[in-house]
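Spelled out, the chains give:
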Amino acid sequence: QVQLVESGGGLVQPGGSLRLSCAASGRIFSINSMRWYRQTPGKQREWVAFITSDGRPNYVDSVKGRFTISRDNAKNTVYLQMDSLKPEDTAVYYCNAVIRIGALGAWSDYWGQGTQVTVSS
């Protein structure tokens, strides 16, 4: 009933930039917080950035000053602008959203399928 679709990943050189997008679609009544996570092989999924429904952001220390999370509520979309990328940012990036389906529905977590970001020269 709800889909989150990420886009914007790819290969970039160290110091470069990428912009990830995640669009939510389906029977959405309301979206609360939206998040970006990342995961590398053999490691747990790591929270990267978080934005509240009214646009307040928060970041893991390792990306502060380099990444910017934003959202367009009219488009049900969250973005992650990644600048000054480092090899250690290489990972599969996932978006997550807390969504309510219908005015009386419960809030539930939804995940995108992931998009690969590779930072390498």
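## Details of the sheet that holds strand β8 (residues 77–82)
Within a beta sheet, neighbouring strands are joined by backbone hydrogen bonds and run either parallel or antiparallel to one another.
Part 1: The four strands lie next to each other as β1-β3-β8-β7, forming an open sheet whose pairing is antiparallel. Looking at strand neighbours, the two that pair on one side only are β1 (2–7) and β7 (67–72), the edges of this open sheet. Adjacent strand axes in the sheet meet at a mean angle of 15 degrees when their direction is disregarded.
Part 2: Sheet analysis places β7 next to β8, joined by six bridges and oriented antiparallel. Within β8, the position partnered with Asp72 by the bridge is Thr77.

## Digging into the pairing of β7
Part 1: In β7, alternate side chains face the same way, and those of Phe67, Ile69 and Arg71 are buried while those of Thr68, Ser70 and Asp72 on the opposite face are not.
Part 2: With antiparallel pairing between neighbouring strands as the criterion, β7 and β8 make up a hairpin whose turn holds four residues, including Asn76 at a positive phi of roughly 50 degrees.

## Considerations on the environment of Gln39
Part 1: Examined against the element boundaries, Gln39 turns out to sit in strand β4 (residues 30–39).
Part 2: For the pair formed by Gln39 and Val92, sequence separation is 53 residues and the distance between their alpha carbons is 5.3 Å.
Part 3: Leaving out residues up to four positions away in the same chain, Gln39 has contacts with Gln44, Arg45, Ala91, Val92 and Tyr94.
Part 4: A distance of 3.3 Å separates the side chain of Gln39 from the side chain of Arg45, its partner in a polar contact.

## Description of unusual backbone geometry
Part 1: We note that Asn76 has phi near 50 degrees; this positive angle belongs to a residue other than glycine.
Part 2: Within the secondary structure layout, Asn76 lies in the loop between β7 and β8.
Part 3: By relative accessible area, Asn76 is classed as partly exposed at 25%.
Part 4: Unusually for a residue other than glycine, Ser84 sits at a positive phi of about 50 degrees.
Part 5: Along the chain, the position of Ser84 falls in the loop between β8 and β9 (91–100).
Part 6: According to the relative accessible area criterion, Ser84 is partly exposed, its value standing at 42%.

Each value, and the rule that gives it
- Residues numbered from 1 in each chain as written.
- Predicted model: local features only at pLDDT ≥ 70, side-chain atom pairs only at ≥ 80, totals over all residues.
- Heavy atoms only, no water.
- Pairing = 2+ DSSP bridges.
- Helix = DSSP H or I, 4+ residues; strand = E, 2+ residues; numbered from the N terminus.
- Axes fitted to C-alpha atoms, helices over the stretch in contact; angles between N-to-C directions.
- Buried < 20%, exposed > 50% of the residue type's maximum accessible area, 1.4 Å probe, protein only.
- Contact = heavy atoms within 4.5 Å.
- Polar contact = N/O pair within 3.5 Å; in protein donor to acceptor, adjacent residues only side chain to side chain.

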